[in-house]
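Coordinate inspection notes
Chain by chain, the residues run as shown.
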Amino acid sequence: MSVRQSAEGLRLAIFSDTFTPQVNGLARTLERMIGAIEARGGVVRIETVDESAALPDPRVVRWPSIPFWAYPQLKLSAPARWRVSPGLEAWRPTLVHATTPFGVGLAGRSTALALGVPFVSSYHTSFAAYLAHYRLGALDAIAWPFQRWFHNSGRMTFAPSRFVARELEGHGFSNVRIWARGADLTRFNPRFRSASMRAEMGAADDTFVVAYVGRLAPEKGVHTAIAAMHEVIARHGARVRFVLAGDGPDEARCRATAPEGTWFAGSLGGERLSAFYASADAFVFPSTTETFGNVVLEAMASGLPVVAPNEGATLELVDDHTGLTFAGGEAPALAACVERLLADPVLRQAKGEAALAAAAARTWDAVWDALIADYREALAQGAAIRTPGRVA
């Protein structure tokens, strides 16, 4: 039996503009990360935005914040708060990790500088792609220089996939490491398939259920999936059911344009999310902006074949064995993949079994071993900030 990397002596201060109860891949990963580091002997403190629905937690310090105008579900802390959080100096962090480059994340950088402790960062969102979707492409000229300045300030920058790591290195990011994601087969597994959940979906025993999980937002490509499912359902009728879990800024438009009979489950968690995945027959993931795709791995762990674009980080999860790929943004191509799985139950089963096996090979223990080893390397390097405090 392998010995897990110990986090003894690590006092980790995480600065992030997203955390639970927000529902997204990063927030859920951070929640899992805290438990893993504490289980290995480390101590964690979280500095993040305020949330009215948040439960009290002595490890979490919440900063006054405001909704992001382009995406009200996300919040940003006011720039005036770029200072060391009260009590943090006495808490004595040994490492500062910023997971976002904005309000709270910028405070993490300045905190590391003020306290003289090592600083690391991680890159989770393709902001250049998001700017294009929200018609803010003019900001792209400053987005990369700003992010390069922010991330190169630290000892290392963590990327969630090899694809993203190569992209960052191409933009001049230095010392990029991989912080991958694992699959939790105790939470996501075919055994959670549920007759009652399928009844909620409006599916009979022989109904082919196509699922989507994620934000209902333009950058997620959800409208490509909706257009594709219009084609599929027009040709196959009640044999096919389209179900979506999640919410977001485009929810009203999604509901207005979805095929008749589409079920919007809203934001799900816990056992209901496990059952939602496992009760479907295929999973569609139309986004071309992902840096990893946590929901893809969850769907694979649930035994679902995945239909995804033939580009980007998702290709590190979805291949000819675990699913089918299509030209990103092309609804007819996505529809053809769905119909191929619908027509061939043997193919569908084979790809679902391969997806489950591939997910099972990605263990969270291995992820945390690698991350803590990198943390220890950053601690050994000493000083907090590597570059002058200037955007260049």
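Look a little higher up for the structure.
Overview of the structure.

Criteria and thresholds
- Residues numbered from 1 in each chain as written.
- Predicted model: local features only at pLDDT ≥ 70, side-chain atom pairs only at ≥ 80, totals over all residues.
- Heavy atoms only, no water.
- 1 Å grid on protein atoms, 1.4 Å probe; cavity = no way out; pocket = protein on both sides within 12 Å on 5 of 7 lines; lining within 4 Å.
- Points joined across faces, edges and corners; volume = space filled by probe spheres on them.
- Helix = DSSP H or I, 4+ residues; strand = E, 2+ residues; numbered from the N terminus.
- Nonpolar A, V, L, I, M, F, W, Y, C, P; charged D, E, K, R; others polar.
- Axes fitted to C-alpha atoms, helices over the stretch in contact; angles between N-to-C directions.
- Parallel < 35°, antiparallel > 145°, perpendicular 65-115°, else oblique.
- Contact = heavy atoms within 4.5 Å.
- Pairing = 2+ DSSP bridges.
- Salt bridge = Lys/Arg side-chain N within 4 Å of Asp/Glu carboxyl O.
- Buried < 20%, exposed > 50% of the residue type's maximum accessible area, 1.4 Å probe, protein only.
- Left-handed = near helix turned anticlockwise from the far one by under 90°.
- Phe/Tyr/Trp six-rings, centres within 6.5 Å; stacked < 30°, edge-to-face > 60°.

Empty space within the second largest pocket amounts to approximately 380 Å³. In this structure, the second largest pocket is lined by 25 residues; those nearest its centre are Arg28, Thr29, Arg187, Phe188 and Glu298. For the lining of the second largest pocket, the secondary structure elements donating two or more residues are α1 (25–39), α10 (270–278) and α11 (294–301). No other element matches the five residues that α1 contributes to the lining of the second largest pocket. Each residue belonging to the lining of the second largest pocket can be placed in one class, and the counts come to ten nonpolar, eight polar and seven charged.

Bringing the packing of helix α12 (residues 331–343) against helix α13 (residues 345–360) into the picture now. At a minimum axis distance of 5 Å, the contact between α12 and α13 shows a crossing angle of 105 degrees. Here α12 lies roughly perpendicular to α13, going by the angle between them. Listed contacts from α13 to Arg340, Leu341, Leu342 and Ala343 of α12 are Pro345, Leu347, Arg348 and Lys351. Split by residue class, the contact of α12 with α13 holds five nonpolar, no polar and three charged.

Here we take up the sheet that holds strand β12 (residues 263–264). Strand order in this open sheet of six strands is β12-β11-β10-β13-β14-β15, and the pairing throughout is parallel. The sheet is open, and its two edges are formed by β12 and β15 (323–326), each paired on a single side. One ladder, built from six bridges, connects strand β10 (residues 208–213) with strand β11 (residues 240–245); its direction is parallel. Counted as the bridge partner of valine 209 is arginine 241 from β11.

On to the pattern of salt bridges, then. Applying the stated criterion across every chain, the model contains 19 salt bridges. Taking the shortest distance from any N to any O, the salt bridge between glutamate 298 and arginine 28 comes out at 2.3 Å. Residue glutamate 298 is located in helix α11, and its partner arginine 28 is located in helix α1; the two are separated by 270 residues in the primary sequence. Classification of glutamate 298 by relative accessible area gives buried; the value is 10%. Relative accessible area serves as the criterion here: at 24%, arginine 28 is assigned to the partly exposed category. Salt-bridge contacts for arginine 45 lead to glutamate 47; the nearest nitrogen and oxygen are separated by 2.8 Å. The class for glutamate 47 is buried, based on a relative accessible area of 0%. Overlapping salt bridges bring together Arg4, Arg40, Asp365 and Asp369 as one network.

Turning next to the packing of helix α8 (residues 222–236) against α12. One can describe the packing of α8 onto α12 by two numbers: an axis separation of 8 Å at closest approach and a directional angle of 50 degrees. Compared by their axis directions, α8 and α12 come out oblique. The way α8 lies across α12 gives a crossing that is right-handed. Taking contact as the criterion, the partners of Thr224, Ala225, Ala227, Ala228, Met229, Glu231, Val232, Arg235 and His236 in α8 are, on α12, Ala331, Pro332, Leu334, Ala335, Val338, Glu339 and Leu342. Residue classes in the contact of α8 with α12 are distributed as eleven nonpolar, two polar and three charged.

Time to look at the environment of alanine 370. On the secondary structure map, alanine 370 appears in helix α14 (residues 364–381). Alanine 370 gets classed as partly exposed once you look at its relative accessible area, which sits at 36%.

Let us look at the sheet that holds strand β8 (residues 157–159). The strands making up a sheet associate through hydrogen bonds between their backbones, and the pairing can be parallel or antiparallel. On the basis of which strands lie adjacent, the open sheet formed by seven strands has the order β3-β2-β1-β6-β7-β8-β9 and parallel pairing. Looking at which strands have only one partner, the edges of the open sheet turn out to be β3 (60–63) and β9 (176–178). Averaged over all pairs of adjacent strands, the angle between strand axes in this sheet comes to 25 degrees, irrespective of strand direction. Running over the sheet, α1 touches β1 (11–15), β2 (43–49) and β6 (95–98) and is turned about 160 degrees from β2. α14 rests against β1, β6, β7 (119–122), β8 and β9 of the sheet, and its axis sits at about 120 degrees to β6.

It is worth spelling out the packing of aromatic side chains at this point. Aromatic ring pairs are reported here in terms of the distance separating the ring centres and the angle at which the planes meet. In this structure the tally under the stated criterion is twelve aromatic pairs. Relative to tryptophan 144, the ring of tyrosine 123 lies with its centre 6.3 Å away and its plane at 15 degrees, an arrangement referred to as stacked. Here tyrosine 123 is found in the loop between β7 and α4 (127–133), whereas its partner tryptophan 144 is found in helix α5 (residues 140–151), with 21 residues between them in sequence. Across the pair, exposure class does not vary: tyrosine 123 and tryptophan 144 are buried alike.

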